[in-house]
Structures are given as C-alpha cells and as structure tokens.
Amino acid sequence: MTTTIHADAPVQEAEPAESDPVQRVAQKRRRVVQEAADRGILSAADRRRPHVRAIGAVLNVLLGACLVVVGLLPLLWLLKSAITPTQDTLAHPLALFPGGADWSNLAKAWNDVQIGDFFFNTIWMAAGEWAVQLLVATTGGFALSVLRPKYGKLISGLVLATLFVPAVVLLVPLYLTVLHPPLIGHSLINTFWAVWLPAGASAFNVLLVMRFFDSLPKEVFEAAKTDGAGTFRLFWSIVLPMSKPILGVVSVFAINAAWADFLWPNLVLKDIGIQPLSVRLPQIQSSTDLGVYLAALTIATLIPVVIFLIFQRTFLRGGGLGGAVKG
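Remember, predicted model here, so these are calculated numbers, not experimental data.

Thresholds, definitions, all that
- Residues numbered from 1 in each chain as written.
- Predicted model: local features only at pLDDT ≥ 70, side-chain atom pairs only at ≥ 80, totals over all residues.
- Heavy atoms only, no water.
- Phe/Tyr/Trp six-rings, centres within 6.5 Å; stacked < 30°, edge-to-face > 60°.
- 1 Å grid on protein atoms, 1.4 Å probe; cavity = no way out; pocket = protein on both sides within 12 Å on 5 of 7 lines; lining within 4 Å.
- Points joined across faces, edges and corners; volume = space filled by probe spheres on them.
- Helix = DSSP H or I, 4+ residues; strand = E, 2+ residues; numbered from the N terminus.
- Axes fitted to C-alpha atoms, helices over the stretch in contact; angles between N-to-C directions.
- Parallel < 35°, antiparallel > 145°, perpendicular 65-115°, else oblique.
- Contact = heavy atoms within 4.5 Å.
- Nonpolar A, V, L, I, M, F, W, Y, C, P; charged D, E, K, R; others polar.
- Patch = residues over 30% accessible without salt bridge, like charges linked within 9 Å, V, L, I, M, F, W, Y side chains within 5 Å.
- Areas by Shrake-Rupley, 256 points an atom, 1.4 Å probe, with all protein chains shown as cover.
- Salt bridge = Lys/Arg side-chain N within 4 Å of Asp/Glu carboxyl O.
- Buried < 20%, exposed > 50% of the residue type's maximum accessible area, 1.4 Å probe, protein only.

J.: Any chance you could explain the packing of aromatic side chains here in plain terms?
T.: Scanning all chains against the criterion turns up nine aromatic pairs. An aromatic cluster is defined as three or more aromatic residues linked by ring pairs; in this entry it consists of Trp 124, Phe 192, Trp 193 and Trp 196.

So this is what it looks like as structure tokens:
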C-alpha cells in the first residue's frame, strides 16, 4: 500500500516526548501564579454566591455611609452653624435651626470682619506661590531629566537630601535671609515676596516633576532636536504640553499648601493689611461673636472647595502625549 505525501501539505515537527511533561508543569505553574495574582479576598466563585453578594453589598453601603459622615458631617455642621444664632449654637449645637436661621452672620463676616480683604490677600499669596513653585519645579525637572548635565545625579542626590532636613530647622536662617536678602539691599518683610520666593524651594516638587519627565519618550526629544528645536523651544513646545497631568498635581499641592500655611506668613507678614485668612482668622477669634466667626470660617472653607470643584478637570485630567506626538 503506497502513501502519497503532497508537497504543499504542512509538515509538523514532533516535539520530544520528554519535553511535554515539563511544558505542562510550567503552564500549570504560570496558571496558578496568574490566578493567585488576580485573586483578592474573595474569589470569582465566592462572589457569585447569593449570600456573599448580599453581605458585600451591605458592607459597601455601610462603608460608604461612614465615609460620608466622617468627611461631610463636620463641613455640614459648619455650614449650619454659620447661619445659626450664637445662643442656639451654644445651647443646642446639634439641633437643626431650633430658633430659625440668621443670615446676617455672613454679611457681618464679610463686611465687619473684612473677610473679603483677607480673602483677596490669600488669593494673591496663593497665586504667587503657585507660579514660583511651578516655575522652579518645571525648569529644575527639565534640566535634571531632559538636559542631563554632567553632574546631574549628584545634584539630584543633593536635592533629595534636603527632604530629610526638618522645616523647623530652616526657619531662623530663612527669616534672616528674608530680613537681609543679599544683593537687594532692603528687607522683604511685609511683602509678598517674602512668602513667594521661599515657596519655590520645594525639593519634593522638583523631584516629582523630574520623575515624570523621565517617563516621557526620549524619541520625541531627539526628533525635536533633529528638526532644529533649541532648549527653550524643546521645553516650551514639547515638554510642557506633554506634562499637563503633573502640572495639575503640582498646582493642587501648591494652592492647598499656600491656603493652609500659617507659621511662615505669620512671621513675615506683620502688616494686617496684607495678612491672609490663615493668619488673620485666629487673631480675631477672641473678639468676634461666635456665629460671625463660624460664618467667616465657612467663607474661608467653601471658597477653596468651590475653586477646586470648578477647576478639578483642568488640574487633574491627563494630557497624555497629545501636545507633541502625532499619529
């Protein structure tokens, strides 16, 4: 009996029989490792059981309720107390408007306590700190990550080492520097520059931006240099458009830190006319009616919350590579 083998028929090479058990063991091991990596507290089979799903749903609802109470209850109580008469707040702190609402507290806080003036001082101080921190962080990260100077690793190590120095240790030399700044000839006390310039010396922001720049594709930089882009053009037109996510993160950190900063502005801003809310509000607490003071705290708290809610997408949305990479 003759067997015909066609020339175009695929020829399968048989693997050695002794390698099959090894391969099966290796595949089984990879499958077990993958299942272990994907498995959480409950497996997929456990989550399909009715009683497990019911208990999980109840726990999720309870956990969500606890988070809402812990996160929003203090803020809601502050909102309620801001429009509640002082006597009712002292007598019934948890009651819901036992004697009616007193909306005049907000007007008194804005006009009599002059919260509006201190609010604009805070805005001006936070805007300056944000601009200085963003300038120093982006230029420093660009120089260390993209330009890569000869002693870049040494400089990065020195910048990292400053994170281990306590901030309290720096207060006296920093104050003396602001009091007698070199090359300027006059003190910066009672000027916003005394707050803006020290805020730029943030090693954390520089390292954060530098690490983000390290993750950007180097091929884009090489292509831009090949097309004749200089250092400034590379920084402004290539790197910054690709860095919207990290710019948003640094912006949020800078604004939140500036809004809540108390110690340093209290030391260098002695003039009441330029003090921010964080410095002025504790000073007027003893001489202000409780209802009016709580209304002032409400205004100072709600404004940054509203600003963040309005601009959160601008701050946090990812820019990807849309600014520099074209498909």
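After that view, the rundown keeps rolling.
J.: Could you clarify how one ought to interpret the layout of surface pockets in this entry?
T.: Rolled over the atoms, a probe with the dimensions of a water molecule shows which regions are left empty. A volume near 960 Å³ is recorded for the largest pocket. Along its surface, the largest pocket is lined by 26 residues, and Ala 167, Leu 170, Pro 198, Ala 201 and Ser 202 are the ones closest to its centre. For the lining of the largest pocket, the secondary structure elements donating two or more residues are helix 6 (115–147), helix 8 (171–179), helix 9 (193–199), helix 10 (203–214), helix 13 (244–260) and helix 14 (263–268).

J.: What am I meant to see in the packing of helix 6 against helix 15 (residues 277–284) here?
T.: Pairs of packed helices are described in terms of their axes, by the angle between the two and the distance that separates them. Where helix 6 meets helix 15, the closest approach of the two axes is 9 Å, and the angle between their N-to-C directions is 150°. Here helix 6 lies roughly antiparallel to helix 15, going by the angle between them. Taken together, the residues of helix 15 that come into contact with helix 6 (itself represented by Ile 115, Phe 118, Phe 119 and Thr 122) are Leu 277, Arg 280 and Leu 281. Taken together, the residues of the contact of helix 6 with helix 15 sort by class into five nonpolar, one polar and one charged.

J.: In this structure, what is going on with a nonpolar patch on the surface? I would like to understand it.
T.: Taken together, the side chains of Val 68, Leu 72, Leu 76, Leu 79, Leu 302, Val 306 and Ile 310 make up a nonpolar region of the molecular surface, amounting to roughly 570 Å² of accessible area. If you tally residues by element for the nonpolar patch, the top one is helix 3 (residues 50–82), at four residues. Residue Val 68 is classed as partly exposed on the basis of its relative accessible area, which comes to 46%.

J.: Explain the pattern of salt bridges to me, please; I cannot follow it from the model alone.
T.: In a structure, side chains of opposite charge can pair up when their charged atoms sit close to one another. By the definition in use, this model includes two salt bridges. Asp 214 is paired through a salt bridge with Arg 148; the nearest N and O atoms lie 4.0 Å apart. Placement of the pair is Asp 214 in helix 10 and Arg 148 in the loop between helix 6 and helix 7 (152–161), with a sequence separation of 66 residues. On the basis of relative accessible area, Asp 214 is assigned to the partly exposed category, the value being 27%. Residues Asp 214 and Arg 211 are paired through a salt bridge, measuring 3.6 Å at the closest nitrogen-oxygen approach. Highlighted residues: Asp 214 and Arg 211, both in helix 10, separated by three residues, approximately one helical turn. The class of Arg 211 is exposed, set by a relative accessible area of 57%. Salt bridges here are not isolated pairs; linked through shared partners, they connect Arg 148, Arg 211 and Asp 214.

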